[in-house]
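Residue strings, one per chain:
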Amino acid sequence: MKRMREKDIPAFVEEVAATGCNICAVGPGHFVMDDVDVPRGKRRGLYKKLQEIDSRYGSRDHLRSKIASHLRSIGRYVDAPSLEAESWRQFPASERKIDDDAPDQAAVTAYDVAQIPTYAALLVAETEGADWSDVARVILKIDPEREPERAHRAWASHLARARWLATSVFAELRSDLLQ
């Protein structure tokens with residue numbers, strides 16, 4: 001499998017941004033790409049362009065923090081409050097019920113789209129070093145003292161899914177999932 005090189009980070013970011021897709025750092029070690037500003041009728045073309053970019057550069061999980069650092073250096077970042085503020089607690093709750101297990105398909109699902117705020121909060125909580133049980137209680141609404149196994153499983157599966165989404169090109173995301 002092809003792996004992206006560190007020297008290719010600026011070109012990768014420039015190409016993604018040129019498609020109209022937003023790419024920005026979230027916290028010190030993560031980045032996200034989204035199509036929210038792209039008109040619905042142009043999203044299919046965007047996904048094709050992103051797939052081409054993905055194929056050209058290859059896997060970039062190993063460069064996640066370096067990509068985030070580059071994005072911060074060029075002003076493409078979401079600044080979180082200080083660690084003392086526990087900014088992960090500030091994220092809006094998802095409107096949809098949170099399942100015990102996150103999806104494990106290799107494609108973005110409607111559930112994933114509905115849980116974007118949940119995934120973002122989990123990533124920020126991880127960056128801030130939050131205790132998993134606090135995160136499960138506040139974000140996933142599962143009491144880890146009453147249901148420790150369920151809470152830990154839900155936290156672990158949703159965090160893994162959040163990491164996968166954050167490091168993947170949202171090429172699988174189709175406009176019909178955003179309806």
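Before any of the text, the structure's been laid out above.
Residues numbered from 1 in each chain as written. Predicted model: local features only at pLDDT ≥ 70, side-chain atom pairs only at ≥ 80, totals over all residues. Heavy atoms only, no water.

Peer 1: Would you mind showing me how to read the packing of aromatic side chains here?
Peer 2: Two aromatic rings are characterised by how far apart their centres lie and by the angle between their planes. Enumeration according to the criterion identifies two aromatic pairs in this entry. Where Phe 12 meets Tyr 57, the ring centres are 5.6 Å apart and the plane angle is 75°; that geometry is what we call edge-to-face. Of this pair, Phe 12 sits in helix H1 (residues 9–18) while Tyr 57 sits in helix H2 (residues 43–57), and the two are 45 residues apart along the sequence. When its relative accessible area of 9% is taken as the criterion, Tyr 57 is described as buried. Ring geometry for Trp 132 versus Trp 155: centroids 6.0 Å apart, planes at 45°, classification tilted. In this pair, Trp 132 is assigned in helix H6 (residues 132–138) and Trp 155 in helix H7 (residues 148–166), connecting sequence segments 23 residues apart. (Phe/Tyr/Trp six-rings, centres within 6.5 Å; stacked < 30°, edge-to-face > 60°. Helix = DSSP H or I, 4+ residues; strand = E, 2+ residues; numbered from the N terminus. Buried < 20%, exposed > 50% of the residue type's maximum accessible area, 1.4 Å probe, protein only.)

Peer 1: I tried to follow the nonpolar core on my own but got confused; where do I start?
Peer 2: Nonpolar side chains in soluble globular proteins tend to be buried together. In this structure, Trp 88, Tyr 119, Leu 122, Val 135, Ile 139, Leu 140 and Trp 155 are the most contacted members of the largest nonpolar core, which totals 24 residues. Counting residues per element, the ones that place at least two in this core are helix H5 (116–127), H6 and H7. Top element by residues in this core is H7. It accounts for seven residues. Setting aside residues up to four positions removed in sequence, Trp 88 forms contacts with Ala 121, Val 124, Ala 125, Glu 128, Ala 130, Asp 134, Val 135, Val 138 and Ile 139. Counting residues in each nonpolar core, the second largest holds 20 residues, with Met 4, Val 38, Ala 68 and Leu 71 among its members. (Core = buried A, V, L, I, M, F, W, Y, C linked by side-chain atoms within 4.5 Å. Contact = heavy atoms within 4.5 Å.)

Peer 1: Mind showing me how you'd approach the pairing of strand S2 (residues 30–34) here?
Peer 2: Both faces of the sheet carry side chains from a regular strand, because those side chains alternate between them. The sheet contact formed by strand S1 (residues 22–26) and S2 spans five bridges and is antiparallel. Its bridge partner being in S2, Cys 24 is matched across the sheet by Val 32. In this antiparallel pair of consecutive strands, S1 and S2, the connection spans three residues, and Gly 27 shows a positive phi of 70°. (Pairing = 2+ DSSP bridges.)

Peer 1: Just checking my understanding: could you explain the packing of H5 against H7 for this structure?
Peer 2: Two packed helices can be described by the angle between their axes and the distance between those axes. It is the contact of H5 with H7, at a shortest axis distance of 9 Å, that shows an interaxial angle of 95°. One way to sum up the angle between H5 and H7 is to call them roughly perpendicular. Contacts between H5 and H7 involve Tyr 119, Leu 122, Leu 123 and Glu 126 on the former and, on the latter, Trp 155, His 158, Leu 159, Arg 161, Ala 162, Arg 163, Leu 165 and Ala 166. Here the residues of the contact of H5 with H7 sort into eight nonpolar, one polar and three charged. (Axes fitted to C-alpha atoms, helices over the stretch in contact; angles between N-to-C directions. Parallel < 35°, antiparallel > 145°, perpendicular 65-115°, else oblique. Nonpolar A, V, L, I, M, F, W, Y, C, P; charged D, E, K, R; others polar.)

Peer 1: Sorry if this is basic, but what is going on with the pattern of salt bridges here?
Peer 2: Pairing between side chains becomes possible if they bear opposite charge and their charged atoms approach one another. For the structure shown, the criterion picks out 12 salt bridges. Here Arg 153 makes a salt bridge to Asp 100, at a shortest N to O gap of 3.7 Å. Pair noted here: Arg 153 is in helix H7 and Asp 100 is in the loop between strand S3 (77–78) and helix H4 (110–114), with a separation of 53 residues, a long-range link. We classify Arg 153 as partly exposed; its relative accessible area is 38%. (Salt bridge = Lys/Arg side-chain N within 4 Å of Asp/Glu carboxyl O.)

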